[in-house]
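This is what each chain is made of:
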Amino acid sequence: MGAAAERIVIAGGGLAGLRTVEELRSAGYRGQVTVIGAEARPPYDRPPLSKQVLRGEADDTSLRPELGSLGAQFRLGERAERLGDHVLLTGRGEYPFDRLVIATGARPVALPGPGPQRFLRTLDDALALREALVPGARLVVIGAGWIGAELATAALARRCRVCVVEAGPAPLAGAVGAEVGAVTAPWYERAGARLRLGEAVASVEDGGIVLACGEWLAADVIVTAVGVRPEVGWLDGSGVALEDGVRVDDHLASSVEGVYAVGDCAAFWSARFGRRMRPEHWDVALRAPAVLAANLAGGDQRYDPVPYFWSEQFGRMLQYVGDHKGADRLVWRGDPRGEAWSACWLASGEAGDRLVAVLTVGLPRELSQARRLIEAASPVRADRVADPAVPLRDAVSGGG
Ligand SMILES: Cc1cc2nc3c(=O)[nH]c(=O)nc-3n(C[C@H](O)[C@H](O)[C@H](O)COP(=O)(O)OP(=O)(O)OC[C@H]3O[C@@H](n4cnc5c(N)ncnc54)[C@H](O)[C@@H]3O)c2cc1C
């Protein structure tokens, strides 16, 4: 990199933004770094918001006790509004840059209606929601995705009356498909929540919601958890190509020279899976910045991960690794009515079947074996994958 004369500006002060600063410094970059963060809080972690924070076990999820040692300027409570020629503009100032990193994350989707709908994205959202989740409160959660399931779990622990409304045919259908998601449906009722599947919401009103079928569901607290969209509207007209987020190549570089993107807002090309992907996963925001920083420092590294996600819901630990979009078939490993099982997705190719994604429930060791098999694209025998008595690592064709 052009040594000390370089100025790097990072838009977004979440995990991906902070990790980029940390990795730049560990890569030996000594130039100027400025982080523009819309939230007034120093960078914090989001996964605990729907878990420990809602349960009342944590109030502060800050990622670093102090930011001073990074030698970066943090402009918090300031929003990037526009891009000019090598300059980022906020309502308060102009920040010239040699390189820009876009790490503005994602924002929740809102539903129609004048009623007070809450979201769960920020620490302030979580702290305010926790106050509202008093014993006996009627909570309606719209959306049975990862966040909806975790929120329902936490609200039940706070002795709320919980109803989860989902437009799709099963919980988690968008994330893992309806067949696997359906296995998680009984968990809601067993834990004491109502689950209404196949019910679209027409409108969020004061005191409740109207379903598309016309039914009224009364609620004291309404949380919309139907997904997020990349926070890239501020780049409209900037020349930076957008395609469900900032379109970046396998080096995390955008269509504009010197402009990069990382984290929830970045749609990167994966040679491994042969498609563009934008996993909204903590693991991406944690690890991709090391690749980006190396490239900003003059390196030539590709980012092509096997995506990883976890969720804690209804007393279970779920872990997903890989990408099942290109899979040909699903193989169950263990009884999905039980407490520990896996769903394995296989894709067939010239060398035989290979594992492309795995969801484990209560089986962390299996998850790490699955990750290695997916990374290595090893051919596997489907009959051995399906046999929980055979360790997953021994499902490789020719092994055992
Ligand atoms: C409640 C919750 C629970 C989660 N649980 C899990 C989990 O269990 N497992 C898992 O893998 N992942 C989980 N995630 C996802 C994970 O937290 C995200 O993938 C991760 O936070 C992405 O980091 P990021 O830095 O890319 O984006 P963000 O964390 O969204 O940070 C982006 C920052 O940029 C700021 N910003 C936005 N626009 C601008 C602008 N114009 N100018 C300046 N700043 C701007 C935002 O305010 C925000 O502070 C969870 C997310 C949430 C919300």
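Overview of the structure. (Residues numbered from 1 in each chain as written. Predicted model: local features only at pLDDT ≥ 70, side-chain atom pairs only at ≥ 80, totals over all residues. Heavy atoms only, no water.)

A look at the site of the ligand
- The environment of the ligand is made up of 34 residues, and the closest members are Glu39, Arg46, Lys51, Arg121 and Asp264.
- For the ligand, an oxygen atom lies 3.4 Å from a polar atom in the backbone of His281.
- Listed by contribution, the elements that provide at least two residues to the shell around the ligand are α1 (15-26), β2 (32-37), α8 (282-296) and β21 (308-313).
- Its residues placed into classes, the shell around the ligand shows 16 nonpolar, 9 polar and 9 charged.
- When residues of the shell around the ligand are assigned to domains, at least three map to each of domain 1 (3-107 + 228-296) and domain 2 (110-224). (Near = heavy atom within 4 Å. Polar contact = N/O pair within 3.5 Å; in protein donor to acceptor, adjacent residues only side chain to side chain. Helix = DSSP H or I, 4+ residues; strand = E, 2+ residues; numbered from the N terminus. Nonpolar A, V, L, I, M, F, W, Y, C, P; charged D, E, K, R; others polar. Domains from an automatic or database assignment.)

Section: the environment of Leu127
- If you trace the backbone, Leu127 turns up in helix α3 (residues 123-132).
- Considered as a pair, Leu127 and Val232 are 105 residues apart in the sequence and their alpha carbons are 26 Å apart.
- Apart from the residues within four sequence positions on either side, Leu127 is in contact with Arg41, Val53 and Asp59. (Contact = heavy atoms within 4.5 Å.)

Section: the side chain of Ser311
- Here Ser311 lies in strand β21.
- Separated by 2.8 Å, the side chains of Ser311 and Glu150 make a polar contact.

Some points on unusual backbone geometry
- Although it is not a glycine, His86 sits at a positive phi angle of roughly 55 degrees.
- Checked against the element boundaries, His86 lands in the loop between β4 (80-84) and β5 (87-90).
- Its identity as a non-glycine residue notwithstanding, Leu172 has a phi of 60 degrees, on the positive side.
- Following the sequence through the fold, Leu172 ends up in the loop between β10 (161-165) and α5 (173-176).
- Leu172 sits in the buried class, given a relative accessible area of 3%. (Buried < 20%, exposed > 50% of the residue type's maximum accessible area, 1.4 Å probe, protein only.)

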